[in-house]
Amino acid sequence: MRILLIGGSGFIGSNLAETLVNAGFEVIVLDIVEGICSNLKFIGDKIKIYKGQYSDIELLKEIFVKNNISIVVNLVTTVLPDTTLENLDRCIHENITANIKLFRIMKKYQVNKYVYFSSGGTVYGNNGKTINNELDITRPINYYGWIKNSVENLIMVESNLNDLEYLIVRPSNPYGKYQNIYGNQGLIAVLFGKVIKGKPIEIWGDGQTIRDYIFIEDLTNYVLKLIQNNCWNDIYNIGSGEGYSVNEIIEKIEKITDKKIEVIYKEKRNVDIDKNILDVEKINKIKISNRLHTIGEGLEKTWSFLKKEQGIGVK
């Protein structure tokens, strides 16, 4: 069975590619030129890589014609939680319109299985709850969540009209190997990067914001099991079901690295939800081979990877 991973060279994509290859799937990756292959070097010739945008119709046609795709997994998003109204037209084109074009190509080549990576936090927004299950009302408070929610709705309409079999996953905050530690996304990755560089970190608010975190291996193993068990036409939260504040995560990383992190607290943003934890009762019924990592175990493994596998040292 051949799986097309759109956005397969990023943090989640490269880890998912590794998990799928190890499980015996043939993996085809489509991603932009920047950073391509950097996270995929561990797989070698076990995958096939195409460089480009998934809005490139001719490239999509070539991929579907040459590779006999069975399942499409879309991990791409070009919108951020702090995206503004001025950038929304571009975000709609690159995320919603691009999915519409993709569905047309899938229909043409009779590929009807689609996995979409949505958001386990921003789609729920301020709905009056702090622990959300898949049936709870979605009320996004930023354009990132609105785009994700809009694509979810598009997928379900497409399923109804054209028999698309979908799997929507709503991850919490994933962390682990292959994540960019020198970017501005992912609290845990950014904190490790600041430790290595010996630089302060800026935190929006007082550090009491609470989030659910999931170790990347646990996330990709869950997605693998959902595909293997044919859990189509459904939505799954994937998280730990536990919440930790920003300050608690900082303390844990300081303890693991034995380094003090300088924190600069800035004014709270109106795009951030105070507390969000996922109800994971549904996904917990899907049994994976190993138990989930605790936050401590996941942070330890991430730090070991950064020091050993990437050759990063701290003075």
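Computed from a prediction, not measured in an experiment: that's the story for all the values here.

When you go through the chain residue by residue, the secondary structure sums to nine helices and 14 strands. A compact globule built from 315 residues would reach a C-alpha radius of gyration of about 20 Å, and the chain, at 19 Å, matches this within 12%. In the chain, which comprises 315 residues, the share counted as buried stands at 52%. A total of about 15100 Å² of accessible surface is found on the chain, and carbon and sulfur atoms cover 47% of it.

The next thing to look at is the environment of Asn127. With respect to the secondary-structure elements, Asn127 resides in the loop between β5 (113-117) and β6 (131-132). Each C-alpha atom, one on Asn127 and one on Arg139, is 5.6 Å from the other, the two residues being 12 residues apart in sequence. For Asn127, the contacting residues outside a window of four places in its chain are Asn132, Asp136, Ile137 and Arg139. At a separation of 2.6 Å, a polar atom in the side chain of Asn127 contacts the side chain of Asn132.

Turning our attention to the packing of helix α5 (residues 187-197) against helix α7 (residues 246-257). Across the interface, α5 lies against α7 with an axial gap of 11 Å and an inter-helix angle of 40°. The pairing of α5 with α7 is recorded here as oblique in orientation. The crossing of α5 and α7 is right-handed. Taking contact as the criterion, the partners of Leu187, Ile188, Leu191, Phe192 and Val195 in α5 are, on α7, Val246, Ile249, Ile250, Ile253 and Thr257.

Another point: the sheet that holds strand β3 (residues 47-51). For sheets, the rule is that strands pair by backbone hydrogen bonds, running either parallel or antiparallel. Strand order in the open sheet formed by seven strands is β3-β2-β1-β4-β5-β7-β11, and the pairing between neighbours is parallel. Only two strands of the sheet have a single neighbouring strand rather than two, namely β3 and β11 (234-238). Strand after strand, the sheet turns through a mean of 20° between neighbouring axes, direction not considered. The sheet contact formed by strand β2 (residues 26-31) and β3 spans five bridges and is parallel.

Moving on: helix α3 (residues 88-108). With 21 residues, α3 extends 29 Å from end C-alpha to end C-alpha; this agrees with the ideal 30 Å at 1.5 Å per step. At Ala98, α3 shows its strongest bend, of approximately 30°. Structurally, α3 contributes buried residues whose contacts are with β1 (2-6), α2 (57-67), β4 (71-74), β5 and α4 (143-162). Trailing α3 by a residue or two, Gln110 shows a phi angle of about 55°, which is positive.

The subject of this paragraph is helix α6 (residues 216-228). Compared with the 18 Å implied by 1.5 Å per residue over 13 residues, the 18 Å span of α6 between its first and last C-alpha is a close match. Among the residues of α6, those classed as buried are Ile216, Asp218, Leu219, Thr220, Tyr222, Val223, Leu224, Leu226 and Ile227. The positive-phi residue at the C-terminal boundary of α6 is Asn230, with phi of around 55°.

Let us now look at the nonpolar core. Side chains of nonpolar character tend, in soluble globular proteins, to be buried together. Core analysis: the biggest nonpolar cluster contains 66 residues, and Leu5, Val73, Phe117, Ile188, Leu226, Ile249 and Ile253 have the highest contact counts within it. A per-element tally of this core places α5 first, with eight residues. When sequence neighbours within four positions are dropped, the list of residues in contact with Leu226 reads Leu167, Val169, Cys231, Tyr236, Ile238, Ile283 and Ile286.

With that settled, consider unusual backbone geometry. At Asp163, a position not held by glycine, the phi torsion is positive, near 60°. Within the secondary structure layout, Asp163 lies in the loop between α4 and β7 (165-171). By relative accessible area, Asp163 is classed as exposed at 57%. Notably, Asn233 is not glycine yet its phi reads approximately 60°, a positive angle. Take Asn233: it is sitting in the loop between α6 and β11.

Let us look at the pattern of salt bridges. The tally for this structure, following the rule as stated, stands at 15 salt bridges. Glu26 is the partner of Arg2 in a salt bridge, and the nearest nitrogen-oxygen pair spans 3.0 Å. Taken together, the residues Arg2 in strand β1 and Glu26 in strand β2 connect sequence positions 24 residues apart. Using a relative accessible area of 41% as the deciding quantity, one classes Glu26 as partly exposed. For the salt bridge of Lys301 with Glu217, the shortest nitrogen-to-oxygen distance reads 3.3 Å. Of this pair, Lys301 sits in helix α9 (residues 295-308) while Glu217 sits in helix α6, and the two are 84 residues apart along the sequence. With relative accessibility at 36%, the residue Lys301 sits in the partly exposed group.

The rules behind these values
- Residues numbered from 1 in each chain as written.
- Predicted model: local features only at pLDDT ≥ 70, side-chain atom pairs only at ≥ 80, totals over all residues.
- Heavy atoms only, no water.
- Helix = DSSP H or I, 4+ residues; strand = E, 2+ residues; numbered from the N terminus.
- Rg over C-alpha atoms; globule rule 2.2 N^0.38 Å.
- Buried < 20%, exposed > 50% of the residue type's maximum accessible area, 1.4 Å probe, protein only.
- Areas by Shrake-Rupley, 256 points an atom, 1.4 Å probe, with all protein chains shown as cover.
- Contact = heavy atoms within 4.5 Å.
- Polar contact = N/O pair within 3.5 Å; in protein donor to acceptor, adjacent residues only side chain to side chain.
- Axes fitted to C-alpha atoms, helices over the stretch in contact; angles between N-to-C directions.
- Parallel < 35°, antiparallel > 145°, perpendicular 65-115°, else oblique.
- Left-handed = near helix turned anticlockwise from the far one by under 90°.
- Pairing = 2+ DSSP bridges.
- Expected span 1.5 Å × (residues − 1).
- Bend = angle between axes of the 7 residues up to and from the residue.
- Core = buried A, V, L, I, M, F, W, Y, C linked by side-chain atoms within 4.5 Å.
- Salt bridge = Lys/Arg side-chain N within 4 Å of Asp/Glu carboxyl O.

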